[in-house]
Amino acid sequence: IISYHLGDNDFYRGGPAGFWEVYNKEPATGFIIQRLNNELDNGEILFKGHFITKNIYYLNYTNLCKNSAKYILHVLSKIQKKQTFKNYGKSIYFNPLYKEPRLIEIIKYLLSTYITIFIKNFSKFFFKQKWKVAYVKGNIFQKRLENYKIIKSNKNTFFADPFLWKYKDNNYLFVEEYNFKKHKGHISGFLLKEKEAKYLGTILEEDFHLSFPFIFNYKEKIYLCPETKQKNEIRLYECVEFPMKWKFSKTLISNISAVDTIIFEKNLIWWLLTNSGFSDSNKSSELNIFYSKDGPLTSNWIPHKKNPIYVDSRIARNGGIVFNNNNIYRINQKFSFGQYGKEFDLNLIEEINEENFIEKKICNIKPLFFRKINGTHHFNNNEDFCTIDFV
């Protein structure tokens, strides 16, 4: 008998599903699919996932139900194909068996929730959350983050998701520039010097939102793969005249709502790592990998056998990439309760092939490197510079 349990059974057994994670301000709310035995909520785990915790119980519960249900089909499909499941191991359960909240706990939840909602909505009238970008000349593991130089934002916009590129001995920085009046982002560029970042203006704009300007080259041509989730596809743009002129090249994957796509070559295979799903919460939780042996200019990207690689908002969402000494590091964003982009991890990709994907966490970066900041979610480098964003 297959059981579908709303809650990470290592921490939350009992119910109500999705409530205690909000009450305790957990950054993620989990679920499991298990093969039942005679012990309550302690069967053989076949699948486990986590989504970002919503700050209202009802929203968290419905989000959990909506996003987790599709993985039942995933598990049943693996059973039908007689595929093996990940070994989640056994842990000692130390929390109480959760039950319906008492009156005092309901009152505490209501006060905490609605005071937070009031403060958040009231502050929107006076403060705009403005992400900023900073950079430094030097190696990723040699320069302290507090020494990075901050790029001043333009009026009514902010900069985020920075990517670096070197072209004819000059270094360039590409960013999402979000316009508060237009309520969408476009891609802007800078010419970088050690002590100066010269703003070049808009390099790519569409009538839909653009961000995460991942850049790479192939056969002596330069390509940009920004986030284009509003078009429901992963798109590629080719450089016509660097760095200011670009044209639409092709759609890599159609009918996919995806964000923060990264493309690179490893062992003669091109790899595409993206966060996709049918809801914003799901996109922040699910990492999928596709690959191509025919180069990156193809519409025939093959899904990895282990997709989804992660269903876990604590590790899944891409936040940039780092290349250093023939090593590839994937950045993953981390969320706190009620906050997007709190911090990030640096992960060494130890193995990537058609059968497997293994990465090892190297370090965690918290927003402590500048005064009065409370978030960071992106990092990138090239041979000369490193760049980060923060809020």
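Structure first, text after, so check above.
Draft legend 1. Main features of the overall build of the protein. Scanning the protein for helices and strands turns up five helices and 24 strands. Computed over its C-alpha atoms, the radius of gyration of the protein comes to 22 Å, within 12% of the 21 Å expected for a compact globule of 391 residues. The C-alpha extent of the protein, read off along each of the three principal axes, is 65 × 50 × 40 Å. Put simply, the protein has 391 residues, and 54% of those count as buried. A separation of at least 24 residues holds for 53% of the contacts in the protein among residues at least 6 apart in sequence. For the protein, the distance from the average site of its 57 positive side-chain charges to the average site of its 40 negative ones is 4 Å.

Draft legend 2. Quick peek at a nonpolar patch on the surface. Residues Leu-103, Ile-107, Leu-111, Ile-115, Phe-118, Ile-119, Phe-122, Phe-125, Phe-126 and Phe-127 make up a contiguous nonpolar surface patch of roughly 1,200 Å² in combined accessible area. Position of Leu-111 among the secondary structure elements: in helix α4 (residues 103-123).

Draft legend 3. View of the sheet that holds strand β21 (residues 339-352). Across the sheet, eight strands lie side by side as β5-β4-β24-β23-β19-β20-β21-β22; this open sheet has mixed pairing. Each edge of the open sheet carries a strand with a single partner, namely β5 (149-151) and β22 (357-365). Taken over all neighbouring pairs, the strand axes of this sheet differ in orientation by 30° on average, direction set aside.

Draft legend 4. Geometry of the packing of aromatic side chains. Throughout the structure, instances matching the rule amount to 41 aromatic pairs. Arranged with centres 5.1 Å apart and planes meeting at 70°, the rings of Phe-369 and Phe-370 form a pair that is edge-to-face. Taken individually, Phe-369 and Phe-370 each receive the classification buried, so the pair is uniform in this respect. Pairwise contacts between aromatic rings join Tyr-12, Phe-19, Trp-20, Tyr-23, Tyr-57, Tyr-61, Tyr-98 and Tyr-109 into one cluster. In this structure, Arg-13 packs its charged tip against the face of Tyr-93, placed 4.3 Å from the ring centre. One Lys or Arg, Arg-235, reaches over the ring of Phe-248 and ends 4.1 Å from the middle of that ring.

Draft legend 5. Summary view of helix α2 (residues 57-68). With 12 residues, α2 extends 16 Å from end C-alpha to end C-alpha; this agrees with the ideal 16 Å at 1.5 Å per step. Within α2, the full set of buried residues consists of Asn-60, Asn-63, Leu-64, Asn-67 and Ser-68. Along the axis of α2, the buried residues cluster in a sector spanning 100°; they form a single face.

Draft legend 6. Region of the structure containing the pattern of salt bridges. Applying the stated criterion across every chain yields a total of 22 salt bridges. Residue Arg-330 pairs with Glu-359 through a salt bridge whose shortest N-O separation is 2.8 Å. Of this pair, Arg-330 sits in strand β20 (residues 327-336) while Glu-359 sits in strand β22; the two residues are 29 residues apart in sequence, bridging distant segments of the chain. Glu-359 matches Arg-330 in its accessibility class, with the two residues each being buried. Among the ionic contacts, a cluster of salt bridges with common partners joins Asp-8, Asp-10 and Lys-48.

Draft legend 7. Focus on the sheet that holds strand β7 (residues 170-179). The strand order across the open sheet built from four strands is β6-β7-β8-β9, with neighbouring strands paired in antiparallel fashion. Both outer strands of the open sheet, β6 (157-167) and β9 (197-204), are each paired with one neighbouring strand and no more. Neighbour-to-neighbour, the strand axes of the sheet open up by a mean angle of 30°, direction not taken into account. The pairing of β6 with β7 spans nine bridges and is classified as antiparallel. Along β7, the bridge assignment pairs Thr-157 with Asn-179.

Draft legend 8. The environment of His-50, seen in detail. Checked against the element boundaries, His-50 lands in strand β3 (residues 44-52). The exposure class assigned to His-50 is buried, which follows from its relative accessible area of 4%. Once the C-alpha coordinates of His-50 and Lys-306 are considered, the two residues, 256 residues apart in sequence, prove to be 17 Å apart. What His-50 contacts, discounting residues up to four positions off in sequence, is Asp-8, Ala-28, Thr-29, Gly-30, Phe-31, Ser-285, Val-311, Asp-312, Ser-313 and Arg-314. Within the local environment of His-50, its side chain forms a polar contact with the side chain of Asp-8, the two groups lying 2.8 Å apart.

Draft legend 9. Representation of the nonpolar core in the model. Among the nonpolar cores identified, the biggest contains 50 residues, and Phe-174, Ile-215, Phe-242, Trp-246, Ile-263 and Phe-264 are the most heavily contacted of them. Ignoring sequence-local partners within four residues, the contact set of Ile-215 consists of Phe-163, Leu-164, Trp-165, Phe-174, Ile-222, Tyr-223, Leu-224, Phe-242 and Trp-246. Within the second largest apolar cluster, 19 residues are counted, among which are Tyr-329, Ile-331, Leu-346 and Phe-379.

Draft legend 10. Quick peek at the pairing of β7. Extensive coverage of β7 is indicated by the burial of nine of its 10 residues. The antiparallel hairpin formed by β6 and β7 contains two residues in its connecting segment, where Lys-168 sits at a positive phi of about 50°. Here β7 runs beside strand β8 (residues 184-192); their pairing, made up of nine bridges, is antiparallel. Paired with Phe-174 across the strands is Gly-189, a residue of β8.

Here is what the cut-offs are and how they apply
Residues numbered from 1 in each chain as written. Predicted model: local features only at pLDDT ≥ 70, side-chain atom pairs only at ≥ 80, totals over all residues. Heavy atoms only, no water. Helix = DSSP H or I, 4+ residues; strand = E, 2+ residues; numbered from the N terminus. Rg over C-alpha atoms; globule rule 2.2 N^0.38 Å. Buried < 20%, exposed > 50% of the residue type's maximum accessible area, 1.4 Å probe, protein only. Contact = heavy atoms within 4.5 Å. Lys, Arg positive; Asp, Glu negative; His and termini not counted. Charge placed at Lys NZ, Arg CZ, Asp CG, Glu CD. Patch = residues over 30% accessible without salt bridge, like charges linked within 9 Å, V, L, I, M, F, W, Y side chains within 5 Å. Areas by Shrake-Rupley, 256 points an atom, 1.4 Å probe, with all protein chains shown as cover. Salt bridge = Lys/Arg side-chain N within 4 Å of Asp/Glu carboxyl O. Pairing = 2+ DSSP bridges. Axes fitted to C-alpha atoms, helices over the stretch in contact; angles between N-to-C directions. Phe/Tyr/Trp six-rings, centres within 6.5 Å; stacked < 30°, edge-to-face > 60°. Lys NZ or Arg CZ within 6 Å of the ring centre and 35° of its normal. Expected span 1.5 Å × (residues − 1). Arc of directions from axis to C-beta. Polar contact = N/O pair within 3.5 Å; in protein donor to acceptor, adjacent residues only side chain to side chain. Core = buried A, V, L, I, M, F, W, Y, C linked by side-chain atoms within 4.5 Å.

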